[in-house]
Amino acid sequence: MKILVCISQVPDTTTKITFTPDGKALNSVGVTFIINPYDELALTKALELKEAAGSGSVTAITVGDASTEPNIRKALAIGADEAVRIDAQPLDAFQVSAMIADYAKDKGFDLIFTGRESIDFNGGQVGGMIAEMLDWPSVNVINSIVFNGNKATIERDIDGGREVVELETPMVVSAQKELTEPRIPNMRGIMAARTKPLAVVTPASSELLTEVSTLTLPPAKGSCKFVDSSNVQELVDLLHNEAKII
Amino acid sequence: MSVLVYAENTAGLFKKATFEAITYAFDIAGGAPVIAVAIGPASEEHLKTLGQFGASKVLHVDNAAFQNFDARVYARVVSDAAESINASKVVLANTYSGKSLAPRIAVRLKAGLVPAAVELPAANGIKRTVYSNKGFADTITKTATQVISLTPNAYKVEGGKADATVESFTSSVKASDYKVSTIEVKKVSGKVPLTEAEVVVSGGRGLKGPENWHLIEQLAESLGAATACSKPVSDMHWRPHDEHVGQTGITIKPNLYIAIGISGAIQHLAGVSGSKVIVAINTDKEAPFFKIADYGIVGDAFDVLPKLNDAIKALKAAN
Ligand SMILES: Cc1cc2nc3c(=O)[nH]c(=O)nc-3n(C[C@H](O)[C@H](O)[C@H](O)COP(=O)(O)OP(=O)(O)OC[C@H]3O[C@@H](n4cnc5c(N)ncnc54)[C@H](O)[C@@H]3O)c2cc1C
Ligand SMILES: Nc1ncnc2c1ncn2[C@@H]1O[C@H](COP(=O)(O)O)[C@@H](O)[C@H]1O
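Summarised in this report is the structure supplied together with it. (Residues numbered from 1 in each chain as written. Chains lettered and ligands numbered in written order. Predicted model: local features only at pLDDT ≥ 70, side-chain atom pairs only at ≥ 80, totals over all residues. Heavy atoms only, no water.)

Section: the sheet that holds strand β13 (residues 199–203) of chain B
- Overall, parallel pairing links the six strands, which are arranged β13(A)-β17(B)-β16(B)-β15(B)-β13(B)-β14(B) in an open sheet. Two strands lie at the open edges of the sheet, namely β13 (225–227) of chain A together with β14 (226–229) of chain B, each paired on one side alone. Geometrically, the sheet is characterised by an average inter-axis angle of 20 degrees between neighbouring strands, direction not taken into account.
- The pairing of strand β15 (residues 256–260) of chain B with strand β16 (residues 277–282) of chain B spans five bridges and is classified as parallel. Each bridged residue has a counterpart across the sheet, and for Ala259(B) the counterpart in β16(B) is Ala280(B).
- Of the strands in this sheet, β13 of chain A together with β15, β16 and β17 (295–298) of chain B are in contact with helix α6 (residues 232–242) of chain A, which crosses β17(B) at around 175 degrees. (Pairing = 2+ DSSP bridges. Helix = DSSP H or I, 4+ residues; strand = E, 2+ residues; numbered from the N terminus. Axes fitted to C-alpha atoms, helices over the stretch in contact; angles between N-to-C directions. Contact = heavy atoms within 4.5 Å.)

Structure (structure tokens):
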């Protein structure tokens with residue numbers, strides 16, 4: 001089983017988000033960047049699938065500049081066999097997807113794994129775009145995946161429930177929480193990562209279909225109105241008459 | 001110019017997120033025709049009503065072979081429909097299936113995609129949520145065609161227009177193009193789906209254990225609400241994982257979110273801060289949740305919840 005895992009780098013989940021004064025970029029001073037949590041799950045599941053199959057390889061790929069290397073090394077430390085960094089500033093989902101699809105198209109991957117969404121731009125776009133560019137089927141937000149030969153049985157979330165589907169490789173799937181528990185790199189993994197291959201690829205082209213004009217913060221919340229715990233009726237009255245929400 | 005809306009249906013029934021998407025499409029069309037496309041068996045009666053929200057015509061793929069969802073197949077149908085009416089905009093609801101389709105449609109039409117849109121287009125572009133609700137990005141598309149995936153509960157539903165005409169639609173895609181076969185659908189019945197709920201009652205570690213969840217469930221039932229929980233609660237298997245909201249769970253945007261015994265960690269808030277009104281109930285008056293809540297009670301959930309449930313039931317009975 002030959003698996004490609006798409007890794008994006010995002011601000012740590014505890015980051016207090018602020019933007020540069022011109023509203024064009026994240027204020028990254030003091031921000032720690034991590035592997036997108038869903039991508040960590042995708043990577044772990046990919047390793048489990050390779051182990052279950054008894055053979056194969058897991059390649060981690062990221063579109064990013066040199067500052068992403070510590071995280072791509074971490075992917076190697078967690079267990080990826082090799083890593084690829086496409087040397088470009090990711091600015092748009094179409095651009096990122098086209099670069100990954102172009103890399104993947106003639107490498108014989110059985111499975112491409114993404115996270116359900118990146119927790120920075122939350123678009124959940126890249127997996128579906130890669131799939132369409134390669135004309136592969138895609139299944140989003142999966143909770144489990146089991147292979148029998150080249151056929152996968154997948155459980156995925158749908159609105160108001162779950163669905164079990166079957167399909168054959170090649171395919172694109174996106175990972176979410178229930179799929180597995182993320183693996184933590186151990187000392188041996190960290191040592192091994194130093195000598196694993198990390199290829200830096202120059203993209204053939206870079207085309208953007210969208211652009212962010214302004215980044216803004218949500219309006220500040222007014223202060224909380226407190227109701228005494230001995231008078232919950234007052235809360236109900238406020239929700240009914242003031243907020244008009246119940 | 002015209003606007004195409006994907007009218008998602010489940011076994012022929014349409015839901016609020018679709019009506020929101022059609023209303024939105026009508027409001028951005030500026031008088032140009034709004035055409036809906038619906039895939040799979042549905043009654044003429046239901047299809048016609050899509051006109052009430054602004055669709056003048058419904059293109060209907062009336063073929064049972066297309067009942068099950070395969071993102072690749074559905075994206076081809078919707079893109080074919082968009083091309084057949086020469087659509088300059090395609091609007092979808094950003095539901096699970098909308099999220100699977102929108103990126104594929106955008107690639108097929110070579111269109112810029114605005115996912116998770118929350119407002120009408122403005123001079124700066126279309127506002128969408130980023131950084132897990134901690135920010136917004138006004139997004140501009142640089143293409144002739146635009147795909148917009150609208151966050152559920154972010155836009156109004158406005159009916160009262162005229163019925164639509166229904167036309168059968170055949171796309172280039174065939175049943176034999178399916179690559180994904182649906183083996184089983186497990187619908188959670190009798191419960192309000194969390195992603196669609198207008199009111200959500202949510203419990204955290206402060207509830208002490210799964211045996212106390214009847215307090216949450218009773219309140220939810222009185223309010224017609226869905227139930228949710230914090231991450232540790234689902235990690236400890238007190239509640240099913242699909243109730244977990246937050247950065248690594250699901251993001252919701254209900255009109256009312258009631259957080260009980262949840263501290264309000266930044267990762268939790270990431271999934272719920274888009275709620276219109278937030279109520280926090282917590283024994284600790286310093287709990288971070290009170291910083292973003294509109295209403296708060298400093299008190300013990302085990303004392304407050306039964307009283308709150310009685311007061312809500314009384315209100316509902318009186319109205
Ligand atoms: C990468 C990452 C991702 C994460 N993603 C998520 C996520 O998606 N969603 C999420 O929820 N968390 C997430 N977390 C965890 C998050 O940081 C918090 O640990 C978690 O939200 C805390 O859950 P809690 O509020 O239920 O529990 P606690 O923090 O333990 O809070 C319990 C609260 O209950 C109150 N309380 C106690 N007894 C009572 C009582 N009798 N009545 C009323 N109140 C009472 C306490 O005062 C306290 O405020 C994530 C963490 C990380 C590192
Ligand atoms: N710059 C990137 N490089 C590699 N993979 C990415 C990149 N951005 C996003 N992805 C992948 O696409 C998924 C969805 O991201 P997004 O479409 O940004 O929400 C992520 O979970 C990653 O798996």
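Remarks on the environment of Asn148(A)
- Residue placement: Asn148(A) occurs in strand β7 (residues 138–148).
- For the pair Asn148(A) and Glu82(A), spaced 66 residues apart in sequence, the C-alpha to C-alpha distance is 25 Å.

Looking at the packing of α6(A) against helix α9 (residues 301–318) of chain B
- The interhelical angle for the contact between α6(A) and α9(B), taken along N-to-C directions, is 45 degrees, at an axis separation of 9 Å. With respect to their mutual orientation, α6(A) and α9(B) come out oblique. Classified by chirality, the crossing of α9(B) by α6(A) is right-handed. Counted together, Val232(A), Gln233(A), Leu235(A), Val236(A) and His240(A) of α6(A) and Val304(B), Lys307(B), Leu308(B), Ala311(B), Ile312(B) and Leu315(B) of α9(B) form the full contact between these two elements. (Parallel < 35°, antiparallel > 145°, perpendicular 65-115°, else oblique. Left-handed = near helix turned anticlockwise from the far one by under 90°.)

Describing the packing of aromatic side chains
- The final tally for this structure, using the stated rule, is nine aromatic pairs over all chains.
- Each ring, one from Phe19(B) and one from Phe53(B), has its centre 4.2 Å from the other, and the planes form 15 degrees; the classification is stacked. Highlighted residues: Phe19(B) in helix α1 (residues 16–29) and Phe53(B) in the loop between α2 (44–48) and β5 (57–61), separated in sequence by 34 residues.
- A connected cluster of aromatic rings, assembled from ring pairs, spans Phe19(A), Phe121(A) and Tyr131(B).
- Lying over the aromatic face of Phe109(A), Lys2(A) brings its terminal NZ or CZ to 4.6 Å of the ring centre.
- A cation over an aromatic ring shows up here: Lys161(B) above the ring of Phe26(B), its NZ or CZ 4.4 Å from the ring centre. (Phe/Tyr/Trp six-rings, centres within 6.5 Å; stacked < 30°, edge-to-face > 60°. Lys NZ or Arg CZ within 6 Å of the ring centre and 35° of its normal.)

Quick notes on the pattern of salt bridges
- On inspection of all chains with the given rule, the structure shows 36 salt bridges over all chains.
- Lys307(B) is paired through a salt bridge with Asp303(B); the nearest N and O atoms lie 3.5 Å apart. Of this pair, Lys307(B) and Asp303(B) both sit in helix α9, four residues apart, which is roughly one turn of that helix.
- Residue Lys307(B) is classed as partly exposed on the basis of its relative accessible area of 32%.
- Judged by its relative accessible area of 35%, Asp303(B) falls in the partly exposed class.
- Beyond isolated ion pairs, a larger network of salt bridges with shared partners links Glu155(A), Asp157(A), Arg162(A), Glu178(A) and Lys186(B). (Salt bridge = Lys/Arg side-chain N within 4 Å of Asp/Glu carboxyl O. Buried < 20%, exposed > 50% of the residue type's maximum accessible area, 1.4 Å probe, protein only.)

What to know about the sheet that holds strand β9 (residues 161–168) of chain A
- Read across the open sheet, the ten strands follow the order β11(A)-β5(A)-β4(A)-β1(A)-β6(A)-β10(A)-β7(A)-β8(A)-β9(A)-β12(B); overall the sheet is mixed. Both edges of this open sheet fall to β11 (198–201) of chain A together with β12 (181–187) of chain B, since each of them pairs with a single strand only. Sheet twist, expressed as the mean angle between neighbouring strand axes with direction ignored, is 30 degrees.
- Pairing of β7(A) with strand β10 (residues 171–175) of chain A, which is carried by three bridges, proceeds in the parallel orientation. From the neighbouring strand, Ile142(A) faces β10(A), where its bridge partner is Ala175(A).
- Here helix α1 (residues 37–53) of chain A sits on the sheet and contacts β1 (2–6), β4 (57–63), β6 (111–115), β7 and β10 of chain A; the angle it forms with β6(A), its principal contact strand, is near 150 degrees.

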